[in-house]
Amino acid sequence: MNFFRAFIERAARAEARLDRFPFPGSVRGGLALTIPFLLVGSFALIVMSFPLPAYQHFMAGAFGGSWTAPLRTVYQASFGVLALIMSLTVGHSYAGDLDRGRNLCSPMIAAVVSLCSFLALSGIGSDRFSLETLGATGLFTALIAAALSTKIFVSLCSVRRLQIMTYSDGAHTSFNEATATLLPALITITLSVIAHEAVARLFGSASVQQFASARFTSLFTSLGSSPASALLFILLIHLLCA
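Asks: If you had to explain the pattern of salt bridges to someone new, which residues and values would you point to?
Replies: With the rule as written, the count across this model stands at 1 salt bridge. Close ionic contact of R201 with E197 constitutes a salt bridge, the shortest N to O distance being 3.5 Å. Separated by 4 residues within a single helix, R201 and E197 lie in helix α10 (residues 182–203), roughly one turn from each other.

Asks: Let's hear about helix α4 (residues 53–63): which residues, and what values?
Replies: Burial runs low along α4: only 1 of the 11 residues are buried. Looking one or two places after α4, you find G64, whose phi comes out positive at around 95 degrees.

Asks: Help me get a handle on the side chain of D99, residues and values and all.
Replies: Position of D99 among the secondary structure elements: in the loop between α6 (82–98) and α7 (107–121). With relative accessibility at 6%, the residue D99 sits in the buried group. A polar side-chain atom of D99 sits 3.3 Å from the main-chain amide nitrogen of C105. Non-local contacts of D99, meaning those with residues more than four positions away in its chain, are made with L104 and C105.

Asks: Any chance you could break down the packing of helix α3 (residues 35–49) against helix α5 (residues 69–78) for me, citing the residues and the numbers?
Replies: Running from amino to carboxyl end, α3 crosses α5 at an angle of 150 degrees, the nearest separation of the two axes being 8 Å. Here α3 lies roughly antiparallel to α5, going by the angle between them. For the pair α3 and α5, the crossing hand works out as left-handed. Along its contact with α3, which presents F37, V40, G41, A44, L45, V47 and M48, the element α5 presents L71, R72, V74, Y75 and S78.

Asks: Got a sec to walk through the nonpolar core? Specific residues and values, please.
Replies: Across soluble globular proteins, you tend to see nonpolar side chains buried next to one another. In terms of nonpolar packing, the biggest core is built from 14 residues, with V90, F118, L119 and A142 touching the most fellow members. Those elements that provide at least two residues to this core are α6, α7 and α8 (139–157). Ranked by residue count, the leading element in this core is α7, at 4 residues. With residues up to four places along the chain from it excluded, the contact list for L119 reads L84, I124 and L134.

Conventions we followed
- Residues numbered from 1 in each chain as written.
- Predicted model: local features only at pLDDT ≥ 70, side-chain atom pairs only at ≥ 80, totals over all residues.
- Heavy atoms only, no water.
- Salt bridge = Lys/Arg side-chain N within 4 Å of Asp/Glu carboxyl O.
- Helix = DSSP H or I, 4+ residues; strand = E, 2+ residues; numbered from the N terminus.
- Buried < 20%, exposed > 50% of the residue type's maximum accessible area, 1.4 Å probe, protein only.
- Polar contact = N/O pair within 3.5 Å; in protein donor to acceptor, adjacent residues only side chain to side chain.
- Contact = heavy atoms within 4.5 Å.
- Axes fitted to C-alpha atoms, helices over the stretch in contact; angles between N-to-C directions.
- Parallel < 35°, antiparallel > 145°, perpendicular 65-115°, else oblique.
- Left-handed = near helix turned anticlockwise from the far one by under 90°.
- Core = buried A, V, L, I, M, F, W, Y, C linked by side-chain atoms within 4.5 Å.

The following block contains the structure:
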């Protein structure tokens, strides 16, 4: 009993230390930004899959046999690209936290860099790429991409030698921001492509998501149905949802 109490106390202290870093708060902020899309997708799913035979027969008789097609489109456009949305919202939130008071880069540009890095890590363009990666399946990769790519991008934006400065008259401020962050964005996305290629060639995985899934599966399989497996599972949930 004392062992479990000590483990829980250590996990709580570790979680408190994590709160000192900006990324857990950025994840919460990014999740808050996804609420409208989650609600829209949930509403479409409820209307489409309400488990009442009389309701299903009535809807099919009133609107035809393909009445669920528009709702399925709404669902796929929200839940079906949830990882895509998360890479944008978390990247935007994290860049805003990292860049607060420094004005090194636009959070919107950082969010797009996070999105491009997520797609690169997911192996888009390869034969083994699956559209399911853009949904809930790719959330782990989306968070990894948002954390690493945004941190690297903002850090590179602080390097003066990497900033392409333009002084054209009449140019919009967004144009100057975009050109100044061109090289940091290029380097960050290139690093994501290199990381994906390294994982694919060294471990034969189609994506970072598949690689992480295989490693966690083998880890829990080796631990079996033991208290250590349960404690590790709880600890990972707390760390990832801190």
